[in-house]
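Geometric and topological summary
Okay, here's what each chain looks like letter by letter:
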Amino acid sequence: MSAQMRVGQQRTTWLIFIGLCLFTFINLTPLIWAVLTSLKDPRDAFTIPPTIIFEPTLKYHIQVWTENDFVFYLMNSLIISAGTVFISVPAGSLAAYALSRIPRRSAGPILSALFTIRMFPHMLLAIPFFVMGTFLNMIDTYPLLILALVAINQPFTIWLMHGFFLEIPRDLDEAAAIDGCSNWQAFRIVILPLARPGMTVAALFSLLLSYNEFLFALVLTGTDTKTLPVAIASFGGEDISSWSLSAAGAVGIMLPIVLVMLILQRHLVRGLTAGAVKG
Amino acid sequence: MVRWQHGLWLFFLPSFGLLAVVLLWPLGYAVYLSFFDYYLGSGERTFVGLANYIDLLTEARLWNSMWTTIIIAFGSVALEFLVGFALALALYRLNGSAKVFSVLLFLPHIVTPVVAALFLKWMLASNWGFIDATLLTFNIEPADWLGSPVWAKVSVILADAWVFTPLVMMVLYAALQGLDTSLLEAAQIDGASSWNTLRHVIIPALIPAIIFVISIRLMDVFRFFDLIYVLTGGGPGTATETITMYTYQLGFRMLEVGKASALGVITLIVVAILLLTINRGLNKAYRGGDR
């Protein structure tokens with residue numbers, strides 16, 4: 001490569017770098033703006049031009065978690081997310097393990113069938129859940145929403161775990177079988193310990209999915225089981241006068257997610273393509 | 001080994017049992033409901049055969065929502081693909097510092113959709129929103145971003161792109177990293193321009209990933225609900241009422257659960273047809289185009 005070409009390439013790389021910096025900054029404006037608003041008193045929040053020089057206050061962050069029912073909604077969100085994970089991940093892992101161990105020609109159709117389930121409009125599932133929930137008097141109870149979330153979560157968990165199990169060599173199960181282990185023993189003693197990191201990833205993704213879910217939570221919960229997304233949607237959607245307060249709530253809801261994301265970084269692509277986060 | 005495979009099916013039992021109860025049964029029940037005139041408020045239901053479907057398909061509101069969905073779907077998926085691909089290429093080129101960028105660029109996607117929608121709403125809110133406040137500073141009269149039919153559609157498309165471009169970017173970036181670098185080097189040695197390398201080497205190699213990401217995005221746009229619900233609620237009027245929003249109105253506001261189920265089934269069929277067409281079209285373009 002000639003020196004001239006190399007200089008040209010380096011310049012392009014710099015241009016790309018600067019372009020990306022700019023784009024990233026503009027792209028994050030809504031987020032930055034929300035964080036700033038959550039730290040502003042109303043007199044700073046409603047100014048033209050929008051100000052970035054102000055005395056920051058944590059007042060609204062404290063107020064939203066102490067004077068409103070947000071702690072209660074957080075508990076609901078946590079109970080429902082945890083319930084979903086405890087049902088979905090073990091069941092999904094078992095199925096995924098079996099899928100990774102049967103011949104490919106039988107596993108293929110099952111996997112594509114599961115993938116097709118992604119296509120179903122969630123509305124088409126929300127309606128029967130709502131009707132049946134009304135019949136069974138289960139609207140506004142934890143189990144109903146948990147079951148609905150398991151339904152949309154299960155195909156995803158199986159897909160994700162299937163990938164992890166494929167990476168565990170079959171020789172291991174075979175060796176276990178020769179040593180006289182049953183399927184179940186081989187799975188529990190030999191495979192499960194190796195699959196634990198994968199299961200942690202699947203559990204975190206499922207947690208994220210349930211925590212973020214909105215449609216089912218909106219139609220299947222009421223005053224007793226309302227989750228954070230439903231609460232913030234009705235809270236921050238309309239009234240602009242309590243702007244700082246809703247911004248503080250929204251930013252608070254976002255924080256644990258950012259944390260989980262930093263843990264999951266390495267696995268993001270895999271999880272996303274299997275359909276994490278937004279169902 | 002035969003003995004070994006035996007009994008493996010037991011492992012499927014919990015999961016498939018669950019799926020049957022919480023997924024297949026409700027879906028079957030929804031299809032069943034779609035043949036009834038069923039107002040949940042009174043609990044009365046009468047079998048009406050295909051009447052719900054015929055009603056819907058002859059109704060202006062359905063076609064309006066279908067059209068809106070198509071505009072929003074194609075607008076946002078096209079935007080997401082172009083920007084996402086450009087970003088993926090940029091990240092691929094940078095290599096070293098790409099990690100920091102990918103995490104930062106990814107944030108809008110991982111945030112709770114409702115929260116992301118609120119963030120955008122506070123940007124677009126009239127007068128005090130960031131955009132309006134900025135424009136007013138320079139004495140520019142801002143448009144009614146969420147209140148005029150045309151701008152509301154644009155805002156929804158941009159909002160969707162804000163949330164989902166990172167996904168497209170990540171998938172394509174991952175695919176780029178899996179590229180056989182010897183191909184790229186060969187192209188460089190042959191003196192191919194970057195544009196030609198992109199067209200004849202990179203894009204053909206990425207076709208599976210491209211088909212994949214466009215397909216999942218189209219599926220998701222058709223059923224995505226959170227953003228529009230928070231941003232515009234389908235308004236002004238029915239300007240941003242997608243099929244999903246309309247189904248929501250029918251099922252959960254008007255409690256016409258039979259008709260709403262029928263609309264859900266129609267949506268499913270439309271999405272299935274769309275995906276088949278796209279898969280076939282892209283595959284053909286790929287095989288027939290580059291010789």
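Residues numbered from 1 in each chain as written. Chains lettered and ligands numbered in written order. Predicted model: local features only at pLDDT ≥ 70, side-chain atom pairs only at ≥ 80, totals over all residues.

Condition: UniProt positions are given in the numbering used here, feature names are shortened, and annotations may be inferred rather than shown by experiment.
Per an unreviewed UniProt entry, the recorded name for chain B is Sugar ABC transporter permease, and the organism is Marivita lacus. Chain B has a UniProt comment under Subcellular location (unreviewed entry) that states "Cell membrane". Note on chain B: under the UniProt heading Sequence similarities (unreviewed entry), the record states "Belongs to the binding-protein-dependent transport system permease family."

Going by what an unreviewed UniProt entry lists, chain A is known as ABC transporter permease protein y4oR and is assigned to Marivita lacus. Listed in UniProt under the heading Sequence similarities (unreviewed entry), the comment for chain A reads: "Belongs to the binding-protein-dependent transport system permease family."

1. Digging into the overall build of chain A
Stated formally: Under the DSSP-based scheme used, a helix requires at least four consecutive residues in state H or I and a strand at least two consecutive residues in state E, with every element numbered from the N terminus. This radius of gyration counts C-alpha atoms alone. The globule rule is 2.2 Å times how many residues there are, raised to the power 0.38. This entry defines residue contacts through backbone-placed C-beta atoms, with two residues in contact when those atoms are within 7 Å.
Along chain A, the regular secondary structure elements total 14 helices and zero strands. Reading chain A from its N terminus to its C terminus gives the helix and strand order α-α-α-α-α-α-α-α-α-α-α-α-α-α. Against the globule reference of 19 Å for 279 residues, chain A gives a C-alpha radius of gyration of 24 Å, more extended than a compact globule. C-alpha extents for chain A along the principal axes are approximately 75 × 75 × 30 Å. Restricting to contacts in chain A with at least 6 residues of sequence separation, those with at least 24 account for 78%.

2. Some points on the packing of helix H8 (residues 142-166) of chain A against helix H2 (residues 13-33) of chain B
For clarity, the threshold we go by: In this analysis, axes come from line fits to C-alpha atoms, helices being fitted only over the stretch in contact, and the angle between any two N-to-C directions falls in the range 0 to 180 degrees. Angle categories: roughly parallel below 35 degrees, roughly antiparallel above 145, roughly perpendicular from 65 to 115, and oblique for all the rest. Note: crossing handedness is left-handed where the near helix turns anticlockwise from the far helix by less than a right angle, and right-handed where it turns clockwise. Gly falls in the polar group here, along with every residue not listed as nonpolar (Ala, Val, Leu, Ile, Met, Phe, Trp, Tyr, Cys, Pro) or charged (Asp, Glu, Lys, Arg).
Where H8 of chain A meets H2 of chain B, the closest approach of the two axes is 9 Å, and the angle between their N-to-C directions is 135°. By the criterion of interaxial angle, the relationship of H8 of chain A to H2 of chain B is oblique. Remark: the crossing between H8 of chain A and H2 of chain B carries left-handed chirality. For the pair H8 of chain A and H2 of chain B, the contacting residues are Leu147, Ala148, Val150, Ala151, Gln154 and Ile158 of chain A in the first and Ser15, Leu18, Leu19, Val22 and Leu23 of chain B in the second. Of the residues in the contact of H8 of chain A with H2 of chain B, the class split is nine nonpolar, two polar and no charged.

3. Considering the interface of chain B and chain A
Counting residues at the interface gives 73 residues for chain B and 73 residues for chain A. Ranked by residues supplied to the side of chain B that touches chain A, first place goes to H2 of chain B with twelve residues. Broken down by class, the residue content of the side of chain B that touches chain A amounts to 56 nonpolar, 13 polar and four charged.

4. Quick look at the pairing of strand S1 (residues 36-39) of chain B
All names here are of chain B. Keep this limit in mind: With C-beta atoms placed from the backbone, a residue is labelled by how many other C-beta atoms lie within 10 Å of its own: buried for 20 or more, exposed for 12 or fewer, partly exposed between the two. The pairing criterion is simple: DSSP has to find at least two bridges between the two strands.
Of the two faces of S1, the one holding Phe36 and Tyr38 is buried and the one holding Asp37 and Tyr39 is not buried anywhere. As paired elements, S1 and strand S2 (residues 44-47) share four bridges and run antiparallel to each other. Counted as the bridge partner of Phe36 is Phe47 from S2. Linking S1 back to S2 in an antiparallel pair, the connection comprises four residues, with Gly43 at a positive phi of about 80°.

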